[in-house]
Amino acid sequence: MVTQRLVSNFNTILRAKIYLFLKKSIWKYLILTAIMGYLIPINNTHPFVSALLYFLGVMLILWPLQYFSAKTLGKTINFDALVEFNQDKIIINHTNKDEIETKNWNWIKRIELKKDKIWLTLNLSRPFVISIPKSKLQQSEIDFFKLKQIEIKQ
């Protein structure tokens, strides 16, 4: 069993957005801009240079959008809860409202253990992730998430 306080604010939402962007979208933009650089070179420059310029231009547009989106969501999402991860279920005790939710493990689509964090991808139509710093966990709690990661993959 693992109990963690999870809060959604600007920092946690921005971190989640960056994680998802780097994990999923960056490759799509690299491929797209490589194709554009080859098919539509800028002022007869080398396709690699054109692709790099396209990529930088797209990133100059997307990163501020990620920032402002996280800023807006941080103000609108009011999530502050004590979350208990049990073997069978997940209990969410909201501290900012009088509500207790119970979820099964289908609520979590994927668990990824990285160097310093555990990332939980929620099984929602709009992708969202929760990060838990490993520094806040004991080794037994990290092992619990490792076992759950194996269960979810099957």
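See the structure shown above.
Right, let's walk through the structure included here. (Residues numbered from 1 in each chain as written. Predicted model: local features only at pLDDT ≥ 70, side-chain atom pairs only at ≥ 80, totals over all residues. Heavy atoms only, no water.)

### What to know about the pairing of strand β1 (residues 2–7)
Of the two faces of β1, only the one carrying V2, Q4 and L6 is buried; T3, R5 and V7 on the other face are not. In this structure, β1 lies alongside strand β2 (residues 80–85), joined through 6 bridges in antiparallel fashion. Note on β2: the bridge partner recorded for R5 is L82. (Buried < 20%, exposed > 50% of the residue type's maximum accessible area, 1.4 Å probe, protein only. Helix = DSSP H or I, 4+ residues; strand = E, 2+ residues; numbered from the N terminus. Pairing = 2+ DSSP bridges.)

### Section: the pattern of salt bridges
Here the structure, examined in full by the defined rule, presents 6 salt bridges. In this structure, E101 and K103 form a salt bridge, with 3.3 Å as the shortest nitrogen-oxygen distance. Residue classification places K103 among the partly exposed positions, given a relative accessible area of 25%. Among the ionic pairs, E151 bridges to K148, the shortest N-O distance being 2.9 Å. (Salt bridge = Lys/Arg side-chain N within 4 Å of Asp/Glu carboxyl O.)

### A short note on the sheet that holds strand β7 (residues 128–133)
Reading across from one edge, β5-β6-β7 is the order of the 3 strands in this open sheet, with antiparallel pairing throughout. Because the sheet does not close on itself, it has two edges, and the strands there are β5 (108–113) and β7. Taken pair by pair, the neighbouring strands of this sheet meet at an average axis angle of 20 degrees, ignoring direction. Relative to β7, helix α1 (residues 10–39) is tilted by about 110 degrees, and along the sheet it contacts β5, β6 (117–122) and β7. Lying over the sheet, helix α3 (residues 139–153) contacts β5, β6 and β7, oriented at roughly 130 degrees with respect to β5. (Axes fitted to C-alpha atoms, helices over the stretch in contact; angles between N-to-C directions. Contact = heavy atoms within 4.5 Å.)

### Section: the side chain of K148
Along the polypeptide, K148 turns up in helix α3. Of the residues examined, K148 reaches a relative accessible area of 4% and is grouped as buried. A polar side-chain atom of K148 sits 2.9 Å from a polar atom in the side chain of E151. Residues contacting K148, with those up to four places away along its chain left out, are N86, Q87, W105 and I111. (Polar contact = N/O pair within 3.5 Å; in protein donor to acceptor, adjacent residues only side chain to side chain.)

### Some thoughts on unusual backbone geometry
At N43, a position not held by glycine, the phi torsion is positive, near 45 degrees. Looking at the element boundaries, N43 is found in the loop between α1 and α2 (47–76). Positive phi, normally seen in glycine, also occurs at N44, with a value near 55 degrees. In this structure, N44 sits in the loop between α1 and α2. On the basis of relative accessibility, which here comes to 77%, the residue N44 falls in the exposed class.

### Thoughts on the nonpolar core
One broad trend across soluble globular proteins is that nonpolar side chains are buried collectively. With 20 residues, the main nonpolar core has F85, I90, W105, I108, L120, I132 and F145 as its most contacted residues. Those elements that place two or more of their residues in this core are β1, β2, β3 (89–94), β5, β6, β7 and α3. L120 has contacts with F85, I108, R110, I111, F128, V129, I130, I132 and F145, leaving out every residue within four places of it along the chain. (Core = buried A, V, L, I, M, F, W, Y, C linked by side-chain atoms within 4.5 Å.)

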